[in-house]
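Below, each chain spelled out in residue letters.
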Amino acid sequence: MVSKRLKIGLALGGGGARGLAHIGVIKTLEKERTPIDIITGTSMGAIIGGVYALNKDTEEIKKIADKYAEIIHTFNLNLNFSQEERKEKPLFLKRIADLLKKGYILNQELRNKYLNEGEELRKILRELVGDRTFAEVKIPFAVVATDLIKGEKIILQDGELFNALLASASIPGIFPPISLNRKILVDGGIVEVVPIETARTLGADFVIAVSVSSSLKKKYEFNNAVEILFRSDEITSNYLRRLQLSFADVVITPKVGRFHWSDFSKPEQCIREGEIAAQSSILEIKKKLKQKRGIWWKRLFSS
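Residues numbered from 1 in each chain as written. Predicted model: local features only at pLDDT ≥ 70, side-chain atom pairs only at ≥ 80, totals over all residues. Heavy atoms only, no water.

### Quick notes on the overall build of the protein chain
Looking only at helices and strands, the protein chain features 11 helices and eight strands. With 303 residues in all, the protein chain has 49% of them scored as buried. Of the contacts made within the protein chain by residues no fewer than 6 positions apart, 75% connect residues no fewer than 24 positions apart. Only carbon and sulfur atoms are counted for the fraction: they give 51% of the accessible area of the protein chain, which is about 15700 Å². (Helix = DSSP H or I, 4+ residues; strand = E, 2+ residues; numbered from the N terminus. Buried < 20%, exposed > 50% of the residue type's maximum accessible area, 1.4 Å probe, protein only. Contact = heavy atoms within 4.5 Å. Areas by Shrake-Rupley, 256 points an atom, 1.4 Å probe, with all protein chains shown as cover.)

### Describing helix H2 (residues 44–55)
With 12 residues, H2 should cover 16 Å at 1.5 Å per step; its first-to-last C-alpha distance of 17 Å lies within 8% of that length. With 11 of 12 residues buried, H2 is to be regarded as a mostly interior element. For H2, the complete set of buried residues consists of Met 44, Gly 45, Ala 46, Ile 47, Ile 48, Gly 49, Gly 50, Val 51, Tyr 52, Ala 53 and Leu 54. Following H2 by one or two positions, Lys 56 has its phi on the positive side, about 50°. (Expected span 1.5 Å × (residues − 1).)

### Quick word on the pattern of salt bridges
When the charged atoms of two side chains lie near each other, side chains of opposite charge can form a pair. Under the counting rule described, the total for this entry stands at 13 salt bridges. Put simply, Glu 60 and Lys 63 hold a salt bridge, and the shortest N to O gap is 3.0 Å. On the criterion of helical spacing, the pair formed by Glu 60 and Lys 63 is a turn pair, its members being three residues apart in helix H3 (residues 58–70). Close ionic contact of Glu 284 with Lys 288 constitutes a salt bridge, the shortest N to O distance being 3.0 Å. Of the two residues, Glu 284 and Lys 288 are both situated in helix H11 (residues 267–302); the distance of four residues between them amounts to about one turn of the helix. Assessed through its relative accessible area of 32%, Glu 284 is described here as partly exposed. Taking the relative accessible area as the measure of exposure, Lys 288 reaches 31% and is therefore partly exposed. Residues joined by salt bridges that share partners form a network here, namely Lys 27, Arg 272 and Glu 275. (Salt bridge = Lys/Arg side-chain N within 4 Å of Asp/Glu carboxyl O.)

### Structural notes on the environment of Lys 31
If you trace the backbone, Lys 31 turns up in helix H1 (residues 21–31). Distance from Lys 31 to Gln 279, taken between C-alpha atoms, is 9.7 Å for residues 248 residues apart in sequence. A polar atom in the side chain of Lys 31 sits 3.3 Å from the side chain of Gln 279. (Polar contact = N/O pair within 3.5 Å; in protein donor to acceptor, adjacent residues only side chain to side chain.)

### Details of H1
Within H1, eight of the 11 residues are buried, which leaves the element mostly enclosed by the surrounding structure. Those residues of H1 that fall on the buried side of the exposure criterion are Ala 21, His 22, Ile 23, Gly 24, Val 25, Ile 26, Thr 28 and Leu 29. Directly after H1, the chain includes Arg 33, whose backbone phi takes a positive value near 55°.

### Notes on the environment of Gly 151
Along the chain, the position of Gly 151 falls in the loop between strand S3 (141–147) and strand S4 (152–156). On the basis of relative accessible area, Gly 151 is assigned to the exposed category, the value being 57%. When the C-alpha positions of Gly 151 and Ile 190 are compared, they lie 9.5 Å apart, and in sequence the two are 39 residues distant.

### Structural notes on the pairing of strand S6 (residues 183–187)
In this structure, S3 lies alongside S6, joined through three bridges in antiparallel fashion. Within the sheet, the bridge partner assigned to Asp 147 lies in S6 and is Leu 185. Bridge count for strand S5 (residues 178–180) against S6 is three bridges, and the pairing is antiparallel. Along S6, the bridge assignment pairs Ser 179 with Ile 184. Here S5 hands over to S6 after two residues, with Asn 181 in that stretch at a positive phi of 55°. (Pairing = 2+ DSSP bridges.)

### Looking at a nonpolar patch on the surface
A cluster of nonpolar side chains, namely Leu 148, Ile 149 and Ile 184, defines an oily patch on the protein surface of about 270 Å² accessible area. Tracing the backbone through its elements, the reader meets Leu 148 in the loop between S3 and S4. (Patch = residues over 30% accessible without salt bridge, like charges linked within 9 Å, V, L, I, M, F, W, Y side chains within 5 Å.)

### A short note on the nonpolar core
Here is a general trend for soluble globular proteins: nonpolar side chains tend to be buried in one another's company. Counting residues in hydrophobic clusters, the biggest one holds 66 residues, and the most contacted among them are Ile 47, Ile 64, Phe 141, Leu 156, Ile 252 and Ile 285. At eight residues, H2 tops the list of elements feeding residues into this core. Setting aside residues no more than four positions away along its own chain, Ile 285 makes contact with Leu 29, Thr 34, Phe 206, Ile 208, Val 250 and Ile 252. Formed by 11 residues, the second largest nonpolar core is a distinct cluster that contains Ala 11, Ile 38, Ala 204 and Ala 209. (Core = buried A, V, L, I, M, F, W, Y, C linked by side-chain atoms within 4.5 Å.)

### Things to note about the confidence of the model for the protein chain
Should pLDDT be low for a region, the predicted coordinates there are not to be read in detail. Per-chain confidence: the protein chain averages 83 in pLDDT, with 81% of residues scoring 70 or above. The model gives residues 76–92 a pLDDT under 50, and that stretch makes 31 contacts with residues more than four places away or in other chains. (pLDDT = per-residue confidence, 0-100.)

What follows is the structure, given as structure tokens:
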């Protein structure tokens, strides 16, 4: 049986500070009166998607940028290794960068399970969603996380929003894994950077995906084993992301690659890039929606 109305899903990808561009995308879709029937999110996409699904108010999601801006020095975990960049980092971040540069990531000094307790992240999420639950959202919503035990994608869509958002945003090695429902959960970006398939699972007939991950740039020099390991992981992630994005009906790609994922100092610029990218995609969205609705109506009356 075909649904009586074509449902539009919005899949918001992970990307740390770059994910603030999602706010601009949602603002533009609202302005253009593009309906959002389903929202799925990974990491920062989960946080922004969850707050919007809960309140259906762009002013509320703009508060996310304000909350992160308040604690920018805590979240600025840029591990780039140039001398000029490290001069501007807090002392403990310089130490982390130095350790990584020297190849000590496999040594005893970094054998902890994570580098940051995540208390500020918890504080932000608690202020944003409190103890609200998935049952209270105004738009059907789901979060993607990764189970470290079975190596599987986990779709979270019931219980407290706080726990789900925290799990989806728990960057491996940076924040502590989250124990939930007999699973050990971390960032959903490991398995689904942009949760397109999850949006389909929730019933979306047409999926608008928003990717804020940086593109893979050419690199010619590799100074140590750590850099080669990181590069290999980047290549794998980039290939997986491109494959997953091919299943979306429309992909919006804000130009936020110049911002580091941990740098929350330029929220307005990220939001603006989201607006620009979404506006540039509006004609494509309307055209493809028209085509999709034509196919959908034929299926509806032939069933």
